[in-house]
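Understanding the architecture of this molecule
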There are 2 protein chains.
Amino acid sequence: MIKRFTWGRPVETEAVVKREAGERKLSEVPYFSQVQTGDGRVSVLTYHMGEHDIIYGLGENIRGINKRGWVYESNCVDDPIHTEARRNLYASHNFFLVDGRERFGVFVDAPQKVTFDIGYTDRDRLAVTVDAGGFDLYILEGDSLRQMVREFRQIIGRSYIPPKWGFGYGQSRWGYENEDDIRQVVKRHRDNGVPLDSVYMDIDYMERFKDFTVDEEKFPKFPRFVEEMRAQNIHLVPIIDAGVKIEKGYSVYEEGVENGYFCKKEDGSEFVGGVWPGRCHFPDMLNDDARKWFGRKYKLLLDQGIDGFWNDMNEPALFYGEDYLTKAFEKLDEYRKQELNLHTFFGMKNLVLGLSNRKEDYESFYHEYKWERIRHDKVHNLYGYYMTRSAGEAFDELEPDKRILMFSRASYVGMHRYGGVWTGDNSSWWSHILMNLQMLPGLNMCGFLYTGADLGGFGCDTTEDLLLRWLELGIFTPLMRNHSAKGTREQEFYRFGHVEDFRGIIGLRYALVPYLYSEFVKAAMRDDMMFLPLAFVYPKDQEAAVVEDQLMVGESVMIAPVYRQNARGRYVYLPEDMKLYRFRSSEDVDIEVLRAGHHYVKAELNEVLVFVRPNHVVPLAGGGCCVADVDMSRLRLLHFVTDQAEYELYDDDGYGKKIDLESGITKVRVTVDGKVDAEGALEAEWTLF
Amino acid sequence: MIKRFTWGRPVETEAVVKREAGERKLSEVPYFSQVQTGDGRVSVLTYHMGEHDIIYGLGENIRGINKRGWVYESNCVDDPIHTEARRNLYASHNFFLVDGRERFGVFVDAPQKVTFDIGYTDRDRLAVTVDAGGFDLYILEGDSLRQMVREFRQIIGRSYIPPKWGFGYGQSRWGYENEDDIRQVVKRHRDNGVPLDSVYMDIDYMERFKDFTVDEEKFPKFPRFVEEMRAQNIHLVPIIDAGVKIEKGYSVYEEGVENGYFCKKEDGSEFVGGVWPGRCHFPDMLNDDARKWFGRKYKLLLDQGIDGFWNDMNEPALFYGEDYLTKAFEKLDEYRKQELNLHTFFGMKNLVLGLSNRKEDYESFYHEYKWERIRHDKVHNLYGYYMTRSAGEAFDELEPDKRILMFSRASYVGMHRYGGVWTGDNSSWWSHILMNLQMLPGLNMCGFLYTGADLGGFGCDTTEDLLLRWLELGIFTPLMRNHSAKGTREQEFYRFGHVEDFRGIIGLRYALVPYLYSEFVKAAMRDDMMFLPLAFVYPKDQEAAVVEDQLMVGESVMIAPVYRQNARGRYVYLPEDMKLYRFRSSEDVDIEVLRAGHHYVKAELNEVLVFVRPNHVVPLAGGGCCVADVDMSRLRLLHFVTDQAEYELYDDDGYGKKIDLESGITKVRVTVDGKVDAEGALEAEWTLF
């Protein structure tokens with residue numbers, strides 16, 4: 001059951017698409033004691049946690065599956081150093097569940113900054129602080145954690161479903177400069193028998209970083225190049241940035257100015273901020289007309305054969321605000337005149353570091369939203385959501401029958417209907433493998449099913465073993481992309497010595513595509529999660545409740561990736577007996593049944609652990625060099641049948657926007673004596689693995 | 001057996017104090033293939049590692065006990081963000097052991113930059129690169145890892161032994177401003193029954209950050225205040241920085257200039273670099289006269305009753321070099337004139353960030369060392385070592401009969417004879433608890449026995465649970481200090497809600513002092529390690545070899561601290577049966593015997609796990625409010641006796657510099673039927689715990 005409580009006059013975020021009529025006052029809210037401070041402008045809601053209460057949620061954020069013991073902020077920001085000290089990343093996902101003495105869920109629908117102090121200031125106190133402005137608070141109650149998530153997902157609308165090729169492996173690097181760079185990437189994959197479905201194009205493909213342009217020197221005949229790649233089953237996926245370069249003659253800039261589509265300052269002039277191209281304006285994504293206009297610009301690339309995009313820099317990131325830059329240089333002059341000691345030196349350094357993503361810059365421009373002028377900071381967390389919405393709405397119009405790949409860096413609940421997210425500019429750190437895993441359930445809770453991290457790490461230098469271990473988690477995430485930054489070590493698999501290890505692991509991903517795609521679409525259509533903490537499946541198991549490095553993936557599988565350097569295995573907790581498949585490739589595997597309880601399980605650097613639950617099966621296809629080649633006509637079943645197993649395998653053409661779940665499902669039954677029986681749309685030869 | 005191989009004409013570091021006569025050429029070195037590149041100026045030695053070879057060592061550095069899979073640099077640097085991407089920290093500890101197909105040790109005695117690529121570029125290759133200049137390479141061979149360490153330690157000389165009070169708990173914060181701040185710290189500890197032996201004084205005690213001054217406004221009668229504290233058994237420990245403020249009338253500055261004791265540029269003028277006080281000169285610690293002069297300055301504080309110091313900023317840290325600062329401001333003017341885009345904006349930002357610790361600044365000044373003029377970068381890694389040596393040599397002269405507490409931030413092998421190290425400006429990150437643990441064996445290998453991390457974390461904001469868990473490791477480290485930075489959350493135990501948890505854990509430390517002090521002095525006098533990887537004690541155990549989060553502490557104990565937020569236990573590997581003491585305080589404990597093998601062991605937030613080996617005992621004293629109060633007359637023995645246990649307990653007055661190990665040892669024997677029998681200097685009442 002979900003109840004809504006309202007404070008003040010909230011800005012409509014359109015996160016919730018179905019809500020009951022009527023309105024309750026915040027003063028009636030259960031569980032929390034609440035006060036307004038700062039002349040009633042800031043709301044603080046507090047809850048006393050039991051000693052062992054666990055808090056799930058907050059989507060894309062740092063720290064564990066259990067969010068307790070830190071303070072988090074919803075305040076989308078572009079900051080690439082994701083240490084434990086961070087409070088906010090690129091997204092604002094204000095949904096969490098309390099599980100302990102009491103069980104309930106909370107969604108704070110507020111586009112301004114929200115702070116979640118979950119046992120940080122006081123070990124036993126949870127405090128939600130909402131910055132000035134109205135907001136809606138939704139309180140969920142239900143029989144189980146998973147059921148509460150389903151109910152929440154029902155009110156926020158169906159999750160985005162990508163084309164099936166979006167489940168293939170993608171190779172990316174900020175640094176591919178031209179056609180030949182990309183051809184080389186594809187060739188090295190194909191030559192080595194390592195599957196690949198997409199190559200991502202980072203900012204260098206554009207003409208001086210201008211949205212919706214393609215640099216003609218680097219890509220002289222772009223549509224033909226797109227076609228050349230498609231002939232090899234490779235999808236090119238260009239990046240789109242939020243900022244629009246200020247440049248005479250550049251049509252996007254000129255149209256935007258002419259029609260007043262850019263965000264404006266108080267004096268009515270366009271706000272100027274610096275990002276990749278230098279001085280930029282920012283489309284007012286919240287304004288219906290501007291959003292429609294910006295969305296239609298994607299057509300420029302769709303028309304050249306492109307069928308996928310990633311939206312970036314849409315927190316929106318600001319290297320600097322132009323007005324402040326002038327002042328900052330004046331302050332630098334003052335420092336220049338002084339002796340630089342403790343105070344002055346760090347003052348100067350912080351001045352320069354503090355140029356980016358300044359609060360005061362975000363307070364200096366406005367949106368026109370639903371016929372109101374509203375200052376950016378009041379709706380800051382909606383910007384990335386509405387940018388991706390602009391694309392999603394345009395795609396529905398421009399490509400009514402075809403799914404277009406779309407994922408974004410910044411997001412808010414609601415954006416999950418229009419695209420996925422990648423988890424931003426992580427680093428080549430072992431700790432970020434675990435962070436990747438720990439974020440997945442929280443993202444799923446908010447409807448972000450199409451998601452993945454930059455495998456191998458975006459910033460810093462990777463190592464072969466780090467990339468291998470990260471891929472061993474990444475083969476389970478819907479978005480599986482290896483991406484890295486200019487200036488870091490190159491990390492395409494063929495930069496390293498042991499090609500056979502990569503071929504085995506990435507090949508296994510393709511064998512798993514039928515299962516992953518099926519579990520994904522079922523989760524989307526049934527408002528369910530695909531990645532679950534163990535506690536969501538085994539709610540009565542006290543030991544499962546504290547497991548922070550294993551996940552349930554769909555209905556049949558548990559994963560426990562190795563994420564420590566030089567490890568040759570790891571500890572795993574099994575809430576029930578499971579069958580362990582230790583894969584070196586989709587063909588090379590050891591199998592053993594493990595009893596419920598704690599185990600130390602060996603896993604060498606080239607080995608992936610897949611645990612199958614009792615009376616469950618997992619369909620495995622013969623691999624291919626791309627998703628289109630995955631052979632759905634011969635499926636082998638991983639199986640752990642002690643009685644009888646039944647599995648619903650969903651499949652479709654991989655493109656169509658209209659999805660009829662039931663007609664796409666084939667029911668497979670396996671009996672304890674190994675008899676396989678299938679019924680449904682898919683005609684396949686089924687064998688036991 | 002140790003053999004020395006020489007390349008070129010090495011700078012004498014005096015790391016090694018005993019070495020055989022004669023000299024072998026580098027071309028005769030075993031194990032490695034070696035080349036000289038860059039006109040023979042850079043030496044590269046390579047070794048092909050077996051698939052599962054483990055590399056131990058490199059002292060204070062990031063990553064695991066097994067250093068494989070990363071590239072490390074010996075290049076002392078002041079950079080407080082210790083992520084996995086770092087290659088160097090504050091120290092240069094060029095000693096490592098290879099254990100696998102072959103077993104040998106390597107010490108690269110070179111004060112210039114040395115790089116250790118241990119399976120980073122190529123998973124299976126170890127490459128040591130020594131920057132231009134000569135060096136000595138020592139190759140060790142021996143029956144066991146531990147024996148090779150002992151042999152290495154014999155040639156580098158006996159480790160520093162601090163006064164016994166240095167084993168007490170110390171409270172520190174960059175931010176204690178005056179007498180009353182410190183009084184308050186002491187009072188809150190005493191009032192709450194939490195033991196304390198020392199309060200550290202960070203840079204604010206000085207008059208405008210000038211070495212060997214005390215700000216008279218904040219500490220109007222400093223010697224009286226020192227005495228007031230000592231009456232409460234509190235030792236004040238002031239910080240000393242490397243840079244000397246340029247200020248007319250400041251005697252240290254004036255004497256230094258007058259006698260030519262500061263490092264000079266090529267033109268003979270003093271090098272100017274900025275640190276805390278602003279513009280500074282840097283004493284030429286390598287010059288015998290200058291070093292003697294600087295060391296004697298500690299007398300200014302010894303004479304006021306001080307008996308402990310910490311040496312800081314001695315990499316040496318440089319906020320900026322003055323000559324370059326002028327150029328940098330000119331470059332800033334150029335950026336100012338341009339549009340700031342991808343290239344120019346980050347160019348500007350990196351210009352400012354790059355002001356500190358610049359290679360070119362280190363190449364711009366000189367030392368007078370052993371009658372030669374030598375450019376700083378050629379001996380960079382010796383600076384902190386020689387600063388601490390300057391103090392250590394002065395203490396021997398000024399206080400011949402009394403141990404003075406001394407530890408340093410920067411270090412090189414050899415400095416271990418003059419002081420300990422703390423592991424620098426870490427952060428309040430859970431991952432840094434594990435990093436703390438993983439550094440300890442490597443530090444011990446190089447003779448740094450007196451060592452510890454800033455418990456609770458120096459940078460960033462701590463949490464109550466993080467501090468508790470970190471203390472649960474910290475109670476075993478000789479240096480046990482809670483330290484934090486200005487601007488971060490205050491983290492004295494009394495800032496948090498659960499005083500009883502802190503009282504229990506810190507109290508347990510004091511009960512353990514007899515064991516820890518005894519193990520420490522024995523390790524120092526016998527050139528042994530106090531913290532050992534499991535593999536050093538159980539060399540034939542393949543599963544012990546990969547354990548990265550447990551340590552042996554002295555001869556009787558294994559520790560396995562919890563270092564994950566919200567964990568209520570952890571996995572532990574036992575190479576043999578052990579008895580587990582699960583302490584909540586030195587009085588409140590559960591005991592169970594665990595069989596050899598893998599276990600999941602519960603440990604709530606207030607619980608410390610101590611594992612006692614078979615046929616070993618651990619003496620536990622009654623606590624006190626300080627080390628001087630620890631009651632050595634009544635000792636209780638943790639014991640796991642299946643046959644017979646014997647323990648050598650060393651004790652002394654805690655101050656004297658002349659240590660006679662054998663006469664300080666009391667032998668305690670416990671039989672399987674619980675009979676306790678003691679023989680030696682200590683008269684105590686012994687009981688079984």
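Residues numbered from 1 in each chain as written. Chains lettered and ligands numbered in written order. Predicted model: local features only at pLDDT ≥ 70, side-chain atom pairs only at ≥ 80, totals over all residues. Heavy atoms only, no water.

When helices and strands are tallied, chain A shows 16 helices and 43 strands. For a compact globule of 689 residues, the expected C-alpha radius of gyration is about 26 Å, and chain A comes in at 25 Å, within 12% of that figure. A total of 689 residues make up chain A; the buried ones form 67% of that total. Restricting the contact set of chain A to residue pairs at least 6 apart, pairs at least 24 apart contribute 72%. (Helix = DSSP H or I, 4+ residues; strand = E, 2+ residues; numbered from the N terminus. Rg over C-alpha atoms; globule rule 2.2 N^0.38 Å. Buried < 20%, exposed > 50% of the residue type's maximum accessible area, 1.4 Å probe, protein only. Contact = heavy atoms within 4.5 Å.)

Residues and elements named next belong to chain B. If you trace the 3 strands from one edge of the open sheet to the other, you get 40-41-42, paired in antiparallel fashion. A single partner strand is all that each edge strand has here, and the edge strands are strand 40 (644-650) and strand 42 (676-680). If you compare each strand with its neighbour and ignore which way they point, the axes differ by 15° on average. As defined by bridge partners, strand 40 adjoins strand 41 (residues 665-671) across 7 bridges and the pair is classed as antiparallel. When the bridges of strand 41 are listed, Glu648 appears paired with Lys667. (Pairing = 2+ DSSP bridges. Axes fitted to C-alpha atoms, helices over the stretch in contact; angles between N-to-C directions.)

Attention shifts here to the relation of the copies chain A and chain B. Overlaying chain A on chain B yields an RMSD of 0.0 Å, the required transformation being a rotation through 180° with an accompanying axial translation of 0.0 Å. Such a combination of rotation and displacement between the chain copies is what one expects of a two-fold axis. When the interface residues of chain A are mapped onto chain B, 100% of them again fall at the interface, so both copies present the same face. (Least-squares fit on C-alpha atoms with pLDDT ≥ 70 in both.)

Attention now moves to the interface of chain A and chain B. Each side of the interface is counted separately: chain A has 72 residues, and chain B has 73 residues. For the pairing of chain A and chain B, the buried interface totals around 6300 Å² over both sides, and the portion due to carbon and sulfur atoms is 57%. Between the two partners, chain A and chain B, sit 10 salt bridges. Counting every contact that joins chain A to chain B gives 37 residue pairs in polar contact (both at pLDDT 80 or more). Listed by contribution, the elements that provide at least two residues to the side of chain A that touches chain B are strand 19 (278-281), helix 7 (322-337), helix 8 (342-353), helix 13 (464-474), strand 33 (569-574) and strand 36 (597-602) of chain A. For the side of chain A that touches chain B, the element with the most residues is helix 8 of chain A, which contributes 7 residues. (Buried area = accessible area lost by both parts, 1.4 Å probe. Salt bridge = Lys/Arg side-chain N within 4 Å of Asp/Glu carboxyl O. Polar contact = N/O pair within 3.5 Å; in protein donor to acceptor, adjacent residues only side chain to side chain.)

Let us now look at the side chain of Gln565(A). Looking at the element boundaries, Gln565(A) is found in the loop between strand 32 (557-559) and strand 33. Residue class for Gln565(A) comes out buried when judged on its relative accessible area of 14%. For Gln565(A), the side chain forms a polar contact with the side chain of Asp465(A), separated by 3.2 Å. Of note is the side chain of Gln565(A), whose polar atom sits 3.0 Å from the side chain of Arg63(B). In this view, Gln565(A) contacts Trp430(A), Thr463(A), Asp465(A), Arg63(B), Arg68(B), Gly69(B) and Trp70(B); residues no more than four positions away in its chain are not counted.

As a further point, take the state of the cysteines. The full count for this structure, using the stated rule, is 0 disulfides over all chains. For Cys626(A), which is in no disulfide, the shortest distance to another cysteine sulfur is to Cys625(A) and amounts to 4.0 Å. In this model Cys446(B) remains outside any disulfide bridge; the closest cysteine sulfur is found in Cys76(B), 12 Å from its own. Its relative accessible area of 0% is what places Cys446(B) among the buried residues. (Disulfide = S-S within 2.5 Å.)

Looking now at the confidence of the model for chain A. Here chain A shows a mean pLDDT of 97. Residues at 70 or above account for 100%. For this predicted complex, the interface confidence score (ipTM) comes to 0.97, while the overall pTM stands at 0.98. (pLDDT = per-residue confidence, 0-100.)

Attention now moves to the pairing of strand 24 (residues 405-408) of chain B. Residues and elements named next belong to chain B. Burial along strand 24 is two-sided: the face carrying Leu405 and Phe407 and the face carrying Met406 and Ser408 are both buried. Both strand 20 (residues 308-312) and strand 24 contribute to a ladder of 4 bridges, which runs parallel. Paired with Phe309 across the bridge in strand 24 is Met406.

Let us now look at unusual backbone geometry. All names here are of chain A. Glu315 connects to Pro316 through a cis peptide bond whose omega is -10°. Tracing the backbone shows Pro316 in the loop between strand 20 (308-312) and strand 21 (320-321). The phi angle at Tyr31 is positive, at roughly 70°, despite the residue not being glycine. Tracing the backbone shows Tyr31 in the loop between strand 2 (24-25) and strand 3 (33-37).

This part is about the pairing of strand 37 (residues 608-612) of chain B. Residues and elements named next belong to chain B. Extensive coverage of strand 37 is indicated by the burial of 5 of its 5 residues. Side-chain alternation along strand 37 places Val608, Val610 and Val612 on one buried face and Leu609 and Phe611 on a second face that is also buried. Bridge count between strand 32 (residues 557-559) and strand 37: 3 bridges; the pairing is antiparallel. Within the sheet, the bridge partner assigned to Met558 lies in strand 37 and is Phe611.

This next bit is on the pattern of salt bridges. The full count for this structure, using the stated rule, is 140 salt bridges over all chains. Between Glu604(A) and Arg568(A) there is a salt bridge, with the nearest N and O atoms lying 2.9 Å from each other. On the criterion of sequence distance, the pair formed by Glu604(A) in the loop between strand 36 and strand 37 (608-612) and Arg568(A) in the loop between strand 32 and strand 33 is long-range, its members being 36 residues apart. Residue classification places Glu604(A) among the partly exposed positions, given a relative accessible area of 23%. Arg409(B) is paired through a salt bridge with Glu315(B); the nearest N and O atoms lie 2.8 Å apart. Residue Arg409(B) is located in the loop between strand 24 and strand 25 (411-412), and its partner Glu315(B) is located in the loop between strand 20 and strand 21 (320-321); the two are separated by 94 residues in the primary sequence. When sorted by exposure, Arg409(B) lands in the same class as Glu315(B), which is buried.

Given a rise of 1.5 Å per residue, 12 residues ought to cover 16 Å, and the 16 Å separating the end C-alpha atoms of helix 8 of chain A matches this to within 8%. Regarding helix 8 of chain A, the residues found buried are Leu342(A), Thr344(A), Phe345(A), Gly347(A), Met348(A), Lys349(A), Leu351(A) and Val352(A). For helix 8 of chain A, the secondary structure elements touched by its buried residues are helix 7 of chain A together with strand 18 (273-275), strand 21, helix 7 (322-337) and helix 8 (342-353) of chain B. (Expected span 1.5 Å × (residues − 1).)

Between two packed helices, both the angle of their axes relative to each other and the distance between the axes serve to describe the pair. Residues and elements named next belong to chain B. Relative orientation of the contacting elements helix 7 and helix 8 amounts to 165°, with a least axis distance of 10 Å. Judged by the angle between their axes, helix 7 and helix 8 are roughly antiparallel. Of the two elements, helix 7 crosses helix 8, and the hand of that crossing is left-handed. Taken together, the residues of helix 8 that come into contact with helix 7 (itself represented by Tyr324, Ala328, Lys331, Leu332 and Tyr335) are Thr344, Gly347, Met348, Leu351 and Val352. Residues that form the contact of helix 7 with helix 8 fall into these classes: 7 nonpolar, 2 polar and 1 charged. (Parallel < 35°, antiparallel > 145°, perpendicular 65-115°, else oblique. Left-handed = near helix turned anticlockwise from the far one by under 90°. Nonpolar A, V, L, I, M, F, W, Y, C, P; charged D, E, K, R; others polar.)

This next bit is on the environment of Val244(B). Residues and elements named next belong to chain B. Along the chain, Val244 falls in strand 16 (residues 244-245). By relative accessible area, Val244 is classed as buried at 0%. In this structure, the C-alpha to C-alpha distance between Val244 and Arg582, residues 338 residues apart in sequence, is 49 Å. With residues up to four places along the chain from it excluded, the contact list for Val244 reads Asp211, Tyr250, Val252, Tyr253, Phe262, Arg279, Cys280, His281, Pro283 and Phe294.

Further remarks concern the sheet that holds strand 18 (residues 273-275) of chain A. All names here are of chain A. Across the sheet, which stays open at both edges, the 4 strands sit in the order 16-19-18-21 with antiparallel pairing between neighbours. Here the strands that pair on one side only, and so sit at the sheet edges, are strand 16 (244-245) and strand 21. Across 3 bridges, the pairing between strand 18 and strand 19 is antiparallel. Each bridged residue has a counterpart across the sheet, and for Gly273 the counterpart in strand 19 is Cys280.

Below, the discussion takes up the packing of aromatic side chains. Applying the stated criterion across every chain, the model contains 107 aromatic pairs over all chains. Ring centres 5.7 Å apart and planes at 35° place the aromatic pair Phe345(A) and Tyr320(B) in the tilted group. Here Phe345(A), found in helix 8, pairs with Tyr320(B), found in strand 21, and the two come from separate chains. Note on accessibility: Phe345(A) and Tyr320(B) belong to one class, buried. Here Tyr385(A) and Tyr386(A) contribute two aromatic rings whose centre-to-centre distance is 4.5 Å and whose plane-to-plane angle is 55°, an arrangement assigned as tilted. Grouping residues by exposure puts Tyr385(A) and Tyr386(A) together as buried. (Phe/Tyr/Trp six-rings, centres within 6.5 Å; stacked < 30°, edge-to-face > 60°.)

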